Amino acid sequence: MQLKENTQREIEVGAADLPLHCPTPDQVKWNSHPRVFLDVTKTGQALCPYCGTLYKLRAGEVIKAHH
């Protein structure tokens, strides 16, 4: 897997990316902040409080409830 620099400020995510956290597993870690979990299921988006990256749920994604 090719690691990405943490320079994107808006990232689309899907149901397969949940539970979502920033930085994501495919990002370079050396210059990252502590991992923080983000909830995109309520409003369709979440803003990382550390780096300001906006994560948006991809249009048409269906999130199944975990019971």
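Residues numbered from 1 in each chain as written. Predicted model: local features only at pLDDT ≥ 70, side-chain atom pairs only at ≥ 80, totals over all residues. Heavy atoms only, no water.

Novice: Explanation requested: the overall build of the protein chain in the structure shown.
Specialist: A tally of regular secondary structure across the protein chain gives zero helices and five strands. When the helices and strands of the protein chain are listed from N to C terminus, the series reads β-β-β-β-β. Looking at the 67 residues of the protein chain, the share that counts as buried comes to 33%. In the protein chain, the proportion of contacts linking residues at least 24 apart, taken out of those at least 6 apart, comes to 42%. (Helix = DSSP H or I, 4+ residues; strand = E, 2+ residues; numbered from the N terminus. Buried < 20%, exposed > 50% of the residue type's maximum accessible area, 1.4 Å probe, protein only. Contact = heavy atoms within 4.5 Å.)

Novice: Got a minute to help me understand the sheet that holds strand S1 (residues 10-13) in this structure?
Specialist: Hydrogen bonds along the backbone pair up the strands of a sheet, which may run parallel or antiparallel. With mixed pairing, three strands are arranged side by side in an open sheet as S1-S5-S4. A strand with exactly one partner marks an edge of an open sheet, and here the two such strands are S1 and strand S4 (45-47). The average undirected angle you get between the axes of adjacent strands in this sheet is 20°. (Pairing = 2+ DSSP bridges. Axes fitted to C-alpha atoms, helices over the stretch in contact; angles between N-to-C directions.)

Novice: Please explain the nonpolar core as it appears in this structure.
Specialist: A general tendency of soluble globular proteins is for nonpolar side chains to be buried together. Ile11, Val13, Leu20, Cys22, Val36, Leu38, Val40, Ala46, Cys48, Tyr55 and Leu57 together form the largest nonpolar core, which totals eleven residues. Of all elements in the fold, only S1, strand S2 (20-22), strand S3 (36-38) and strand S5 (54-57) reach the threshold of two or more residues within this core. Those residues in contact with Cys22, other than ones at most four positions away along the chain, are His33, Pro34, Arg35, Val36, Leu38, Cys48, Cys51 and Tyr55. (Core = buried A, V, L, I, M, F, W, Y, C linked by side-chain atoms within 4.5 Å.)

Novice: I would appreciate a short explanation of the pattern of salt bridges in the present structure.
Specialist: Under the counting rule described, the total for this entry stands at four salt bridges. For the salt bridge of Lys42 with Asp39, the shortest nitrogen-to-oxygen distance reads 3.1 Å. In this structure Asp39 comes out as partly exposed when scored by relative accessible area, which is 37%. What you see here is one network of salt bridges that share partners, running through Glu12, Arg58 and Glu61. (Salt bridge = Lys/Arg side-chain N within 4 Å of Asp/Glu carboxyl O.)

Novice: What is the right way to read the environment of Tyr55 from this model?
Specialist: Mapped onto the fold, Tyr55 is located in strand S5. As for Tyr55 and Leu20, which are separated by 35 residues in sequence, their C-alpha atoms are 8.9 Å apart.

Novice: Help me understand the state of the cysteines in this model?
Specialist: Note: disulfide means a covalent bond formed between the sulfur atoms of two cysteine side chains. For the structure on display, the rule yields zero disulfides. Between Cys22, a cysteine without a disulfide, and Cys48, which holds the nearest cysteine sulfur, the sulfur-to-sulfur distance is 3.7 Å. On the basis of relative accessibility, which here comes to 2%, the residue Cys22 falls in the buried class. Classification of Cys48 by relative accessible area gives buried; the value is 2%. (Disulfide = S-S within 2.5 Å.)

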